[in-house]
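One-letter residues, chain by chain:
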Amino acid sequence: MTFQMLMDMVQILFAQILQYEIFIQIGMMILSKQWTWLSLCYDPYRRHELWRLISVMFVHNGILHLTSNVIFQLILGLLLEVIHGWKRVGAIYILSVLGGCLAITVIQPNQYAVGASAGVYGLLMAHFVTIMLNWNQMEKRIIRLVCLSAYIAFDITITVLSQNQNVSNAGHIGGAVTGFIAASFILRNFEKLKWEIVFQRILAGIAALALLFIIIVNIGCPSYYFPTEFNFEYLKTYINYVLEHLSNKVPGFRELFEDTCGNDKECREYYSKFFSNSTISSINSTMW
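Here the structure is a predicted model, which means the values were calculated and not measured.

Peer 1: Describe the pattern of salt bridges, and please don't skip the residues or the numbers.
Peer 2: By the definition in use, this model includes three salt bridges. The closest approach of N and O atoms between Arg46 and Asp43, which form a salt bridge, is 2.8 Å. For Glu229, the salt bridge is made with Arg46, and the minimal N-O distance between the two is 3.2 Å. Here the residue Glu229 occupies a position in the loop between helix H9 (194–220) and helix H10 (234–249), and Arg46 occupies one in the loop between helix H2 (34–40) and helix H3 (52–55), the gap between them amounting to 183 residues. Given a relative accessible area of 0%, Arg46 falls into the buried group.

Here it is, written out as structure tokens:
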């Protein structure tokens, strides 16, 4: 490794630290504002608010969720940026978040979702792609491939065994697939071979069909989703969502709610209205 290469890595590292320090500050600010959180997350009642497909990456389910995403972004992003530059890596990251959120709309559509893990999984698969496309030029390629494959297998195993319903597997899968496809076109390929051109065409066809399918389902299957709410009463919708979730999951919740209301007339009216008119079905809140 030359001195210049070392200096370039140091500069990229400082740029990453500055970038994600700002990201952490933004995340902390958003976490302190509930209305902001609800206006940026994936909302199953407001799929027409298209900004949520990207803004979901700016809100997280607590400081631990935010920190873990930032750390993995820093590690995976830095290693890619040394070779491919921040613009290419940034494009893959954003497209992966978009792909992850689109996957949620067809696989787990009736859940709130927050986080940027789809982008992280996209960067992870981008490492796999750069090994695949630059196999002949890459040093220690076998070791790299084994380590990467071992980590992916470990992550899948942990996810399957934990069966954590608060994790959006749809977002992870969508981000990983999108990252793989996007990286195949965006990352630098130092020696393009004929099979790689054919492979890109196949991936382009798969991406086009997947996008068409997602659009058809979102537009043509309204009964598959919660009723759309064309208003900005985000907090009221979320409160109903949480109450329904608790009433389905916690034994005796209705009685506890009624006892808590006591003689409060307004609380009892809300109790009566909610439990007699609620139409929300099985609910799970997720993070990714």
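After that view, the rundown keeps rolling.
Peer 1: So what about the environment of Phe58? Which residues, and what values?
Peer 2: Positionally, Phe58 belongs in the loop between H3 and helix H4 (63–84). Owing to a relative accessible area of 30%, Phe58 belongs among the partly exposed residues under this scheme. Taking C-alpha positions, Phe58 is 7.2 Å from Ala116, a pair spaced 58 residues apart along the chain.

Peer 1: A description of a nonpolar patch on the surface should follow, citing residues and the corresponding values.
Peer 2: Residues Phe72, Tyr151, Phe154 and Ile158 make up a contiguous nonpolar surface patch of roughly 380 Å² in combined accessible area. A per-element tally of the nonpolar patch places helix H7 (residues 141–162) first, with three residues. By secondary structure assignment, the location of Tyr151 is in helix H7.

Peer 1: Pulling in residues and values, what's your account of the packing of helix H5 (residues 86–107) against helix H6 (residues 117–133)?
Peer 2: H6 packs onto H5 with a crossing angle of 125 degrees between their chain directions and a minimal axis gap of 7 Å. With respect to H6, the axis of H5 lies oblique. In the crossing of H5 with H6, the sense of the turn from one axis to the other is right-handed. Residues Val89, Ile92, Tyr93, Ser96, Val97 and Gly100 of H5 form the contact with H6, whose own contacting residues are Ala118, Gly119, Val120, Gly122, Leu123 and Ala126. Here the residues of the contact of H5 with H6 are counted per class, giving eight nonpolar, four polar and no charged.

Peer 1: Can you tell me about the packing of H4 against H6, naming the residues and giving the values?
Peer 2: Where H4 meets H6, the axes come as close as 9 Å, and the angle between the chain directions of the two elements is 30 degrees. Put simply, H4 runs roughly parallel to H6. Our pair here, H4 against H6, has a crossing hand that is left-handed. Between H4 and H6, the contacting residues are His65, Asn69, Phe72, Gln73, Leu76, Gly77, Leu79, Leu80 and His84 on the first element and Ser117, Val120, Leu123, Leu124, Ala126, His127 and Thr130 on the second. Here the contact of H4 with H6 is composed, by residue class, of eight nonpolar, eight polar and no charged.

Peer 1: Outline the nonpolar core, supporting the account with residue identities and numerical values.
Peer 2: If you look at the biggest cluster of nonpolar residues, it comprises 38 residues, and the most contacted ones within it are Tyr42, Tyr93, Leu123, Ala126, Val129, Ala183 and Leu187. In terms of residue count, H6 provides more of this core than any other element does, nine residues in total. Those residues within four positions of Leu123 in sequence are excluded, and the remaining contacts are Gln73, Leu76, Gly77, Leu80, Val89 and Tyr93. In this structure, Cys41, Tyr45, Val59 and Phe226 belong to the second largest nonpolar core, which totals twelve residues.

Peer 1: Explain the side chain of Glu49 to me, and be specific about the residues and the numbers.
Peer 2: Along the chain, the position of Glu49 falls in the loop between H2 and H3. Judged by relative accessible area, which is 5%, Glu49 ranks as buried.

Peer 1: Just give me the short version of the side chain of Ser184, but keep the residues and values in it.
Peer 2: Relative to the elements of secondary structure, Ser184 occurs in helix H8 (residues 169–186). Ser184 gets classed as buried once you look at its relative accessible area, which sits at 2%. Other than its neighbours up to four places away in sequence, Ser184 contacts Val129, Leu133, Phe199, Gln200 and Leu203.

Peer 1: Give a detailed account of the confidence of the model for the protein chain, specifying residues and quantitative values.
Peer 2: Averaged over the protein chain, the pLDDT score is 79; the fraction of residues at 70 or greater is 70%. Low pLDDT (under 50) marks residues 14–22, which in the prediction has nine contacts with non-local residues, meaning those over four places away or in another chain. Residue range residues 24–32 is modelled with pLDDT below 50. Its contacts to residues more than four positions away, or to other chains, number 14 contacts.

What counts and what doesn't
- Residues numbered from 1 in each chain as written.
- Predicted model: local features only at pLDDT ≥ 70, side-chain atom pairs only at ≥ 80, totals over all residues.
- Heavy atoms only, no water.
- Salt bridge = Lys/Arg side-chain N within 4 Å of Asp/Glu carboxyl O.
- Helix = DSSP H or I, 4+ residues; strand = E, 2+ residues; numbered from the N terminus.
- Buried < 20%, exposed > 50% of the residue type's maximum accessible area, 1.4 Å probe, protein only.
- Patch = residues over 30% accessible without salt bridge, like charges linked within 9 Å, V, L, I, M, F, W, Y side chains within 5 Å.
- Areas by Shrake-Rupley, 256 points an atom, 1.4 Å probe, with all protein chains shown as cover.
- Axes fitted to C-alpha atoms, helices over the stretch in contact; angles between N-to-C directions.
- Parallel < 35°, antiparallel > 145°, perpendicular 65-115°, else oblique.
- Left-handed = near helix turned anticlockwise from the far one by under 90°.
- Contact = heavy atoms within 4.5 Å.
- Nonpolar A, V, L, I, M, F, W, Y, C, P; charged D, E, K, R; others polar.
- Core = buried A, V, L, I, M, F, W, Y, C linked by side-chain atoms within 4.5 Å.
- pLDDT = per-residue confidence, 0-100.

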